[in-house]
Amino acid sequence: MVYLTRKAEFAASHYYHNPDFTAEENQRIFGKCNNPNGHGHNYTLEVTVKGEVDPRSGFVVDLKQLKEVLNREVLDAMDHRFLNKEVPEFSARIPTTENLAIAIWQRLVSKLNKAQLHRVRVYETPDLFVDFYGEA
Amino acid sequence: MKAHLTRRYMFSASHRLHSDAMSEAENAATYGKCNNPYGHGHNYALEVTVSGAVDESTGMVCNLVDLDGFVQREILQRFDLENLNTHEEFLRSVPTTENLCTAIYDILQRGFTLAHLDKVRIEETMMNSFEYAGGAEIGP
């Protein structure tokens, strides 16, 4: 089994707010991230796939196909977007880095052929990242 | 849905690698430049990984404010700009980055109860890093 990681970057804005919380609760739990006008990050995404090396091509995965899927499913949908308002997953779910990693996994998992998705890692800043392995 | 969250912190500290159980010659042979009696320092990068179910109402594994507060209080205030050899954690062990990893893991494991602690990873320099997961294999 060989693991291959492809990296991509995108910039997006978001804010954290739960309509079931009071204004005070939202402020206490989410702090500055609760500002309804949003704020932005340069996200770094690392997608790791795994598989056996094809003896004829020497590839674990067709990198071109992986790049196309990443561009179509993630970057076209999220780059330079306001996540809360423009990405359907976040109309009723808070766009934390945790939920972003889960949403990206769900967008990719059925679209990859041959290689199996192993891990989605999303860096919100160089000091903070979330890993999702598809665990329930 | 279970996710793993990693937060990175920086601190600077000095240490000297020296074992009372070894002769001077053995210490010099084992630790080389790190055995200099005056000690020397590093800028350490600490990564703490915690995991758990993503809370439906907050979208979080745990609130970063709580994790940052705990690490600030219990780890950074204890070790930042300090000489590690003078700390109780290293009275009976050499402050290698391996032992620093296990000491910090133990502090988090004992005191931080708001998420499951997966592992601690420390970069001593850009060229080396150490990981400890309480003796468990490192993985998802």
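Up top is the structure these notes are about.
Calculation rules
- Residues numbered from 1 in each chain as written.
- Chains lettered and ligands numbered in written order.
- Predicted model: local features only at pLDDT ≥ 70, side-chain atom pairs only at ≥ 80, totals over all residues.
- Heavy atoms only, no water.
- Helix = DSSP H or I, 4+ residues; strand = E, 2+ residues; numbered from the N terminus.
- Buried < 20%, exposed > 50% of the residue type's maximum accessible area, 1.4 Å probe, protein only.
- Polar contact = N/O pair within 3.5 Å; in protein donor to acceptor, adjacent residues only side chain to side chain.
- Contact = heavy atoms within 4.5 Å.
- Buried area = accessible area lost by both parts, 1.4 Å probe.
- Salt bridge = Lys/Arg side-chain N within 4 Å of Asp/Glu carboxyl O.
- Nonpolar A, V, L, I, M, F, W, Y, C, P; charged D, E, K, R; others polar.
- Pairing = 2+ DSSP bridges.

A.B. asks: How should I be thinking about the side chain of His41 of chain A in this particular structure?
C.D. replies: Residues and elements named next belong to chain A. Relative to the assigned elements, His41 resides in strand 2 (residues 39-51). In this structure His41 comes out as buried when scored by relative accessible area, which is 16%. One polar contact links His41 to His39, side chain to side chain, over a distance of 3.4 Å. Once you skip the residues sitting within four places of it in the chain, His41 turns out to touch Phe10, Ala11, Ala12, His14, Glu124 and Thr125.

A.B. asks: Please explain the interface of chain B and chain A as it appears in this structure.
C.D. replies: Interfaces are often sized by the accessible area lost when the parts come together. Every contact between the two is made by 19 residues of chain B and, on the other side, 21 residues of chain A. Buried surface at the junction of chain B and chain A, summed over both partners, amounts to about 1,800 Å²; 59% is from carbon and sulfur atoms. For the pair chain B and chain A, the number of links is one salt bridge. Residue Glu135 of chain A is joined to Lys2 of chain B by a salt bridge in which the shortest nitrogen-to-oxygen separation is 3.8 Å. If you look at where chain B meets chain A, you find nine residue pairs in polar contact (both at pLDDT 80 or more). At seven residues, strand 1 (residues 2-15) of chain B tops the list of elements feeding residues into the side of chain B that touches chain A. In terms of residue class, the side of chain B that touches chain A is built from nine nonpolar, six polar and four charged. Here strand 5 (residues 128-132) of chain A runs beside strand 1 of chain B; their pairing, made up of four bridges, is antiparallel.

Interpretation in functional terms is not warranted from these geometric data alone.
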